[in-house]
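Take a look at the letters that make up each chain.
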2 protein chains.
Amino acid sequence: MAEFAIGIDGGGTSCRAAVTDRMGRVLGTGKAGAANILSDLENSLINIVASARQALEDAALDPELAYKLPAVVGTAGANVGDYGKRIEKALPFANGRVVTDAMIALQGALGDADGIIGAFGTGSVYNARRNGNIWGIGGWGFVVGDQASGARLGRDLLERSLLAHDRVCPPSSLTEKIMAEFSGDPERVVEFAHVSKPKDFARYAPIVFEYAERDDVIAVGIVKTAVNAIAESLDALLWPECPSICLLGGLSKAYYPWLDARHKALLTEPKGDVLRGAVELAAKLLQNDAGGTP
Amino acid sequence: MAEFAIGIDGGGTSCRAAVTDRMGRVLGTGKAGAANILSDLENSLINIVASARQALEDAALDPELAYKLPAVVGTAGANVGDYGKRIEKALPFANGRVVTDAMIALQGALGDADGIIGAFGTGSVYNARRNGNIWGIGGWGFVVGDQASGARLGRDLLERSLLAHDRVCPPSSLTEKIMAEFSGDPERVVEFAHVSKPKDFARYAPIVFEYAERDDVIAVGIVKTAVNAIAESLDALLWPECPSICLLGGLSKAYYPWLDARHKALLTEPKGDVLRGAVELAAKLLQNDAGGTP
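What you are looking at is a predicted structure, and each value in this text was computed from that prediction instead of being measured.

Asker: Explain the sheet that holds strand β2 (residues 15-21) of chain B to me, please; I cannot follow it from the model alone.
Answerer: Hydrogen bonds between backbone groups are what pair the strands of a sheet, and the pairing can be parallel or antiparallel. All names here are of chain B. Taken together, 5 strands build an open sheet; the order of strands is β3-β2-β1-β4-β5 and the sheet is mixed. Only two strands of the sheet have a single neighbouring strand rather than two, namely β3 (26-32) and β5 (95-99). Direction aside, neighbouring strands of the sheet carry axes that sit 15° apart on average.

The structure is reproduced here in structure tokens:
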């Protein structure tokens, strides 16, 4: 019977793994390349395993143990079609469970408690757990979703800068700064927009918040539009006894002062990060394998 | 001295040409492939000349005359960098003038009068002439502009359908119809959005208007957002004595009933289409070549 398990955060930038004992104590960690299972399944599998082997070495254990231990992998796309099942079958662990990135983020932030998490980075997505039931909304991407994402804040800024350039709305310090960056040439803004990826637009998010804090009218308008979208999504998830809301991701702190009072009242700091969530789920798997409640 | 001139609408779908006499009477017309001078200069030149030669043949004239006649070509991108000048040099006409597509649209719709035109198709753009001075706003494309375009109406519809799917806003008959089209699967909506071009989104514009007329709350919201954008752009161009506003393009009629009363009061039907505008400018060029006011 295994003494250890491996928790893995299979992220789009890198895979992080940790070896845990039954109590959730971390004995070693490892890191490898990205897991993007929808676009590159083969390399995702390689990187997931590499991070696990590294974590075992870090824990002064034999990396070959990977094939004998249970593991929990959290990764985006695990709920799309049969991708999750395909990865579970392909992974070499003794008992491999593949869950969504939302599942490990939720476990990391809330532990076993009920509550809501909202994540705001290049994209935006929300998840909730109520009486053990987990469900999520948002996260539909830059083109037709992710209303409070950094990418949308940046896209909004460029759109409003062009409207200000055309004098359809009054320019602000921020729109003038942005147009100056593009040499005052709207064609260059359009060109940037057409070749840019969400993360390129998201680079403008910090400056939107910076100017919003200084009462720049356009920046405040952009932030308030996004905050309104956050409020609508949180309200769609909230229930009367919901104990807490956790905001995660690079932009979460920037949104704090702008949130509605009724949501602010529920804000709590995340207990741990996504890797912590994977570790906790791995420890639970180990307990169950040992004959605990399945 | 030339007796005829050629007016050409160098459009993104096709080039249309007409041979005109000094009085703007059309003697023959021709049509050839697209002119997209920014993305394919070589084929644009070939198609512009082909449409002109065809128009001469249609007028029972020698197509070789093309090289001895003055011509006016209206085409998108003529005002970007030195593209207009490069095409003027490359065209084989005796005296070739290259102007923007907006210029010939304005001349076609308003003749020599002052006024404003707004064009609503896959994109959206506005132009005005006041005391002979022409200026334009909008037309910055799908990603960061074209707020009242068919493409934006369609994108808005998919975005709101996903919000309704997530129960962030109440669904409507229209959002339920859209989600059914994608088998109720939000992932398929996202997939469509990521591979689609503006014209693909614009295919949803007619259904947005259809449902808005039936008071579908979501459809009405989308149309009102676009109409608000139109009002702001028209107001940015309007001046107290502006005699008329002409709406052009496939969606213009659909917008009519939704417009603000102050804009409705100025609406007039376009005098002619874009090719008519090119013909009028070509006839003026002929008059000037003949010693009229330059």
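Asker: I would appreciate a short explanation of the relation of the copies chain A and chain B in the present structure.
Answerer: One copy of the chain maps onto the second through a rotation about an axis and a displacement along it. Of the two same-sequence chains, chain A is brought onto chain B (RMSD 0.1 Å, axial shift 0.0 Å) by a rotation of 180°. What the rotation and shift describe, once combined, is the action of a two-fold rotation axis. Relative to the rotation axis, the C-alpha of Val143(A) is the closest in chain A, positioned 4.3 Å from it. A shared binding surface is used by both copies, with 100% of the interface residues of chain A retained as interface residues in chain B.

Asker: Would you explain the interface of chain A and chain B in this entry?
Answerer: Quoted interface sizes are often the accessible area lost when the parts come together. Counting from both sides, the interface comprises 26 residues of chain A and, opposite them, 26 residues of chain B. A buried area of about 2500 Å², summed over both sides, lies between chain A and chain B, and 64% of it is on carbon and sulfur atoms. Counting every contact that joins chain A to chain B gives 2 salt bridges. Residues Arg152(A) and Glu159(B) are paired through a salt bridge, measuring 3.0 Å at the closest nitrogen-oxygen approach. Along the contact surface separating chain A from chain B lie 8 residue pairs in polar contact (both at pLDDT 80 or more). In terms of residue count, helix α4 (residues 150-165) of chain A provides more of the side of chain A that touches chain B than any other element does, 6 residues in total. Taken together, the residues of the side of chain A that touches chain B break down into 15 nonpolar, 4 polar and 7 charged.

Asker: Would you take a moment to explain the pairing of strand β4 (residues 70-75) of chain B for this structure?
Answerer: On a regular strand, one side chain projects to one face of the sheet and the next to the other, so that they alternate. Residue and element names in this part refer to chain B. Of all 6 residues that make up β4, 6 are buried, and the element is covered over most of its length. Bridging between strand β1 (residues 4-10) and β4 involves 5 bridges; their strand directions are parallel. If you follow Ile8 over to β4, its bridge partner there is Val73. In terms of strand pairing, β4 meets β5 through 5 bridges, oriented parallel. The residue of β5 that forms the bridge with Val72 is Arg97. The β-α-β motif built from β4, the intervening helix α2 (residues 83-90) and the parallel element β5 has right-handed crossover chirality.

Cut-off values and rules
Residues numbered from 1 in each chain as written. Chains lettered and ligands numbered in written order. Predicted model: local features only at pLDDT ≥ 70, side-chain atom pairs only at ≥ 80, totals over all residues. Heavy atoms only, no water. Pairing = 2+ DSSP bridges. Helix = DSSP H or I, 4+ residues; strand = E, 2+ residues; numbered from the N terminus. Axes fitted to C-alpha atoms, helices over the stretch in contact; angles between N-to-C directions. Least-squares fit on C-alpha atoms with pLDDT ≥ 70 in both. Contact = heavy atoms within 4.5 Å. Buried area = accessible area lost by both parts, 1.4 Å probe. Salt bridge = Lys/Arg side-chain N within 4 Å of Asp/Glu carboxyl O. Polar contact = N/O pair within 3.5 Å; in protein donor to acceptor, adjacent residues only side chain to side chain. Nonpolar A, V, L, I, M, F, W, Y, C, P; charged D, E, K, R; others polar. Buried < 20%, exposed > 50% of the residue type's maximum accessible area, 1.4 Å probe, protein only. Right-handed = clockwise from strand over helix to strand, strands pointing away.

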